[in-house]
Amino acid sequence: MHEILLNIESKEIRCAYLKHGGLYDLVVDRKKSRQITGNIYRGRVTNILHNIQSAFIDINEGESGFIHISDILENTKKFEEMFDMDFDLDYDISKISPAPKAKDIAQLLKSDQPVLVQVVKEPIGTKGARLTSNISIAGRYLVMLPNNPHRGVSRKIEDRDARERLKQLIRSFEMPQDMGFICRTASAEATAEMLIEEATDLLHTWQSIVEKFNRSSGSTLLFEESDLIKRAVLQCVEKKCDRLLIDDYATFQRCKGLYQKYAAEHPLKIEFYRDKVPMFERFNVEREIDRAVRRKIWLGSGGYLFFDRTEAMHTIDVNSGRSSLNPSGGDVEETLVRINLEAAEEIARQLRIRNVGGLIICDFIDMRSRKNQKRVLERLKECMKEDSAKCTILGMSEFGLIEMTRQRNRESLSQTIYTACPYCSGSGLVKSHESVSIEIERSLKRLILCNNQFALKLVVHPELNRYLDSGDKEYYVKVAGKSNAHLEFGINDNLHLNDYLFYSTLNGQKIDA
């Protein structure tokens, strides 16, 4: 059974996709950090970077967005990658002389120039959104390309007859010739009337965007992509889900209204959750979310995974853990392979739930046989196929390492839920009491011998003070006494555990150690 759960709170919407009762994917959308990918803005050029042929554009969404010259010029290849499609052109593109392309971004953009841009990548951390001027407006069956004349069909439609029917249909659209269309996978089951109706709706949307652009003066939002609630309804139809369960009555009514347009495609149960037990607790989703932000994940076989993040990449380490490496005298290699195969499935699931993006290194348990290494690699590739984010997986090295990349389309689950610890600055570490004690000794000697301070008071955190009571204070007094200096002690529970302060007992002023 496939189902989607929508949990609605005042500041957050969570969408959980369940397969056979287990959490398969998770999206968390918060009001303060809503997703803006697909939104179209009237922006203003704030800065042009000639050395990297790029520009910053203010779109009134916090940090300025970033656009490269390749996202300003018409780029057929990027559209093919974005929508996984091939173009069917009404002409032989090789016989048409290409329009001269600007070699410098200064030929295309000027400071304070108003521009029409679309967000293609979410802002993450301090990085602003990635922008493009190659606008695309997506519907259920079609994608309109207002500034691109190409018309094509999704590669995922494998039926040749269906492809030919769609190609002929989009050629016959009575639309401006400089506008292109892409037939999405869902269009294979749509009628001609449904496609023409959606194409007309998309054209009206584009005309509305142009009118708003001409009317407005500053940086502003012109078109907002579908929110998480509408995307959840569409996902139910696309994935052929059995049920959509919602714990908010107003959202439940809205979902029923949104579904009416697609009711002919797939029968879907839309239900209002009435139980007193919170929905995500009832279906064990909360437990899975808590598990997904941990560093260590146990596997059913007794093995476990370690998830770590560095500045450059994410690493996943597979360990045998509590699993028996020689069950009933069986083959050790086959036991390791079973752990690795289970790990491959869990890694794919955790990457979706955690929404990990960028470079990822998976360190599997070493296997001698190349055949077994290939089995694990193929299992990982198979499990990653259904991931909505674009993934590239390389082969397995002799050390059992697999390098892969996963498209980073929004903040990860941990970035959404957590903020850096103000105490350790996000490192997860503080200095040991012994290390701080050694630093105090050095500072004390420097103040007495170099700064000629002979009347001192040392103030530390109460926890550190208890450690110093074990003998360090006596030693400090002895060090001070050798230079005829006087040392007193005090505590301040507002101090950081690793901080300490020296004061002059003559005037009470703080001394820089």
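Treat the numbers as computed from the prediction; the structure is a model and nothing was measured. (Residues numbered from 1 in each chain as written. Predicted model: local features only at pLDDT ≥ 70, side-chain atom pairs only at ≥ 80, totals over all residues. Heavy atoms only, no water.)

**Notes on the sheet that holds strand S24 (residues 486-491)**
- Read across the open sheet, the 4 strands follow the order S24-S23-S25-S26; overall the sheet is mixed. Each end of this open sheet is capped by a strand with a single partner; those strands are S24 and strand S26 (510-511).
- Two strands pair when backbone bridges link them, and strand S23 (residues 455-460) and S24 are joined in this way by 6 bridges, in the parallel orientation. Opposite Leu-458, over in S24, you have Phe-489 as the bridge partner.
- Running over the sheet, helix H11 (residues 433-449) touches S23, S24, strand S25 (500-504) and S26 and is turned about 25° from S25.
- Here helix H13 (residues 472-482) sits on the sheet in contact with S23 and S24, set at roughly 150° to S24. (Pairing = 2+ DSSP bridges. Helix = DSSP H or I, 4+ residues; strand = E, 2+ residues; numbered from the N terminus. Contact = heavy atoms within 4.5 Å. Axes fitted to C-alpha atoms, helices over the stretch in contact; angles between N-to-C directions.)

**Overview of the pairing of strand S16 (residues 269-272)**
- Where strand S15 (residues 243-246) lies against S16, 4 bridges are found, and the strand directions are parallel. Bridge pairing in S16 places Ile-246 opposite Phe-272.

**Structural notes on unusual backbone geometry**
- Of note in the backbone geometry, Gln-53 takes a positive phi value of approximately 50° without being a glycine.
- Examined against the element boundaries, Gln-53 turns out to sit in the loop between strand S4 (40-49) and strand S5 (54-58).

**Section: the packing of aromatic side chains**
- Applying the stated criterion across every chain, the model contains 9 aromatic pairs.
- Ring geometry for Phe-56 against Phe-66: centres 5.7 Å apart, planes inclined by 65°, an arrangement best described as edge-to-face. Here Phe-66 lies in strand S6 (residues 65-68) and Phe-56 lies in strand S5, a separation of 10 residues in the sequence.
- Plain terms: the ring middles of Trp-298 and Tyr-304 are 5.1 Å apart, the flat faces sit at 65° to each other, and that makes the pair edge-to-face.
- Connected via pairs of aromatic rings, a cluster forms that spans Tyr-249, Phe-252 and Phe-272.
- Residue placement shows Arg-42 over the ring face of Phe-213; its charged tip is 4.8 Å from the ring centre.
- Note that Arg-354 overlies the ring of Phe-307, its terminal NZ or CZ placed 3.9 Å from the centroid. (Phe/Tyr/Trp six-rings, centres within 6.5 Å; stacked < 30°, edge-to-face > 60°. Lys NZ or Arg CZ within 6 Å of the ring centre and 35° of its normal.)

**Brief notes about H13**
- When we look at burial in H13, the residues that qualify are Asp-472, Lys-473, Tyr-476, Val-479 and Ala-480. Down the axis of H13, the sector holding all buried residues measures 120°, keeping them to one side. When the buried face of H13 is taken as reference, the exposed residues oriented beyond 90 degrees from it are Glu-474, Lys-478 and Lys-482.
- Tucked inside the fold, the buried residues of H13 contact H11, S23, helix H12 (462-468) and S24.
- Two residues or fewer after H13 comes Asn-484, characterised by a positive phi angle close to 60°. (Buried < 20%, exposed > 50% of the residue type's maximum accessible area, 1.4 Å probe, protein only. Arc of directions from axis to C-beta.)

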